[in-house]
Amino acid sequence: MRASERRECWGLLLMDFKTYVDQACRAAEEFVNIYYETMDKRRRALTRLYLDKATLIWNGNVVTGLEALNNFFEMLPSSEFQVNMLDCQPVHEQATQAQTTVLVVTSGTVKFDGNKQHFFNQTFLLTAQSTPNNTVWKIASDCFRFQDWASS
């Protein structure tokens, strides 16, 4: 392969990867809007966003499966989330057995009813689930952490 052919091939790969990243970012933005609105206003529907065997790690506590997730979310006080930062990237298909997957990281503030406001960081691993009409993103893994500074 000549140098000009290699440059052209590399350019196509970069353009294709940029398209992949752009699609991942659009999906992540849409997902984040749906997730936090559902968490704040329609909590009972939140588990619809998770895979059947999804895992949540909430401040170090592990919750696995839809029934356990539903029970966990029901016990949380009502919330007001404000997302201040969103970052995402596609996960290479070699790492996910060709399953379209996006890593999404958010941070912001949350106030649970009866508690003070906390800073938080949340990381989602989303997988694309194809239906006859469209693609739905489901949470495979979710890690939530309060990010407050310790009082001295």
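Residues numbered from 1 in each chain as written. Predicted model: local features only at pLDDT ≥ 70, side-chain atom pairs only at ≥ 80, totals over all residues. Heavy atoms only, no water.

Enquirer: Lay out the overall build of the chain with the relevant residues and their values.
Expert: Counting secondary structure elements, the chain contains two helices and six strands. Starting at the N terminus and walking to the C terminus, you meet the elements of the chain as α-β-β-α-β-β-β-β. Total accessible area on the chain stands at roughly 10,000 Å², and carbon and sulfur atoms take up 51% of it. (Helix = DSSP H or I, 4+ residues; strand = E, 2+ residues; numbered from the N terminus. Areas by Shrake-Rupley, 256 points an atom, 1.4 Å probe, with all protein chains shown as cover.)

Enquirer: Describe the packing of aromatic side chains, naming the residues involved and giving the relevant values.
Expert: For the coordinates displayed, the defined rule picks out 18 aromatic pairs. With centroids separated by 5.8 Å and ring planes inclined at 35°, the aromatic side chains of Phe31 and Tyr35 adopt a geometry described as tilted. One end of the pair, Phe31, and the other, Tyr35, are both in helix α1 (residues 3-41), four residues apart, so they sit about a helical turn from each other. On the basis of relative accessibility, which here comes to 5%, the residue Phe31 falls in the buried class. Look at Tyr35 and you get buried, because its relative accessible area is 0%. With a centroid separation of 3.8 Å and 10° between ring planes, the pair formed by Trp58 and Phe144 is classed as stacked. Of this pair, Trp58 sits in strand β1 (residues 50-58) while Phe144 sits in strand β6 (residues 135-146), placing them 86 residues apart in sequence. Across the pair, exposure class does not vary: Trp58 and Phe144 are buried alike. (Phe/Tyr/Trp six-rings, centres within 6.5 Å; stacked < 30°, edge-to-face > 60°. Buried < 20%, exposed > 50% of the residue type's maximum accessible area, 1.4 Å probe, protein only.)

Enquirer: Give a detailed account of the environment of Tyr36, specifying residues and quantitative values.
Expert: Looking at the secondary structure, you find Tyr36 in helix α1. A C-alpha to C-alpha distance of 9.4 Å links Tyr36 and Ser79, two positions 43 residues apart in sequence. Aside from chain neighbours lying at most four places away, what touches Tyr36 is Phe81, Val83, Thr106, Phe120, Gln122 and Phe124. (Contact = heavy atoms within 4.5 Å.)

Enquirer: Could you give me a rundown of the sheet that holds β1, with the residues and numbers involved?
Expert: Pairing is mixed across the open sheet formed by six strands, whose spatial order is β2-β1-β6-β5-β4-β3. Edge positions in the open sheet fall to β2 (61-64) and β3 (79-91), since each of these has one partner strand only. Recorded for the sheet is a direction-independent mean angle of 20° between the axes of neighbouring strands. Taken together, the eleven bridges between strand β5 (residues 117-130) and β6 define a ladder with antiparallel strand orientation. By the bridge assignment for β6, Gln122 is matched with Phe144. Helix-sheet contacts for helix α2 (residues 66-75) involve β1 and β2, and the interaxial angle to β1 is about 45°. (Pairing = 2+ DSSP bridges. Axes fitted to C-alpha atoms, helices over the stretch in contact; angles between N-to-C directions.)

Enquirer: Go over the environment of Phe144 with me, naming the residues and quoting the values.
Expert: Overall, Phe144 belongs to the buried group, its relative accessible area being 0%. A C-alpha to C-alpha distance of 9.5 Å links Phe144 and Asn61, two positions 83 residues apart in sequence. Aside from chain neighbours lying at most four places away, what touches Phe144 is Ile57, Trp58, Asn59, Phe81, Val110, Phe120, Asn121 and Gln122.

Enquirer: Got a sec to walk through the pairing of β5? Specific residues and values, please.
Expert: Taken together, the eleven bridges between strand β4 (residues 101-112) and β5 define a ladder with antiparallel strand orientation. What sits directly across from Ser107, in β5, is Asn121. Connecting the antiparallel pair β4 and β5 is a turn made up of four residues, with Gly114 showing a positive phi of about 85°. Counting the residues in the hairpin turn of β5 and β6 gives four residues.

Enquirer: Describe the pattern of salt bridges, with residues and values.
Expert: Scanning all chains against the criterion turns up two salt bridges. Two residues, Arg42 and Glu37, come together in a salt bridge whose shortest N-O distance is 3.3 Å. By relative accessible area, Arg42 is classed as partly exposed at 41%. Close ionic contact of Glu74 with Arg44 constitutes a salt bridge, the shortest N to O distance being 3.9 Å. Pair noted here: Glu74 is in helix α2 and Arg44 is in the loop between α1 and β1, with a separation of 30 residues, a long-range link. The partly exposed category is assigned to Glu74, whose relative accessible area is 44%. (Salt bridge = Lys/Arg side-chain N within 4 Å of Asp/Glu carboxyl O.)

Note that every value here comes from positions in space, so none of it alone points to a role or purpose.
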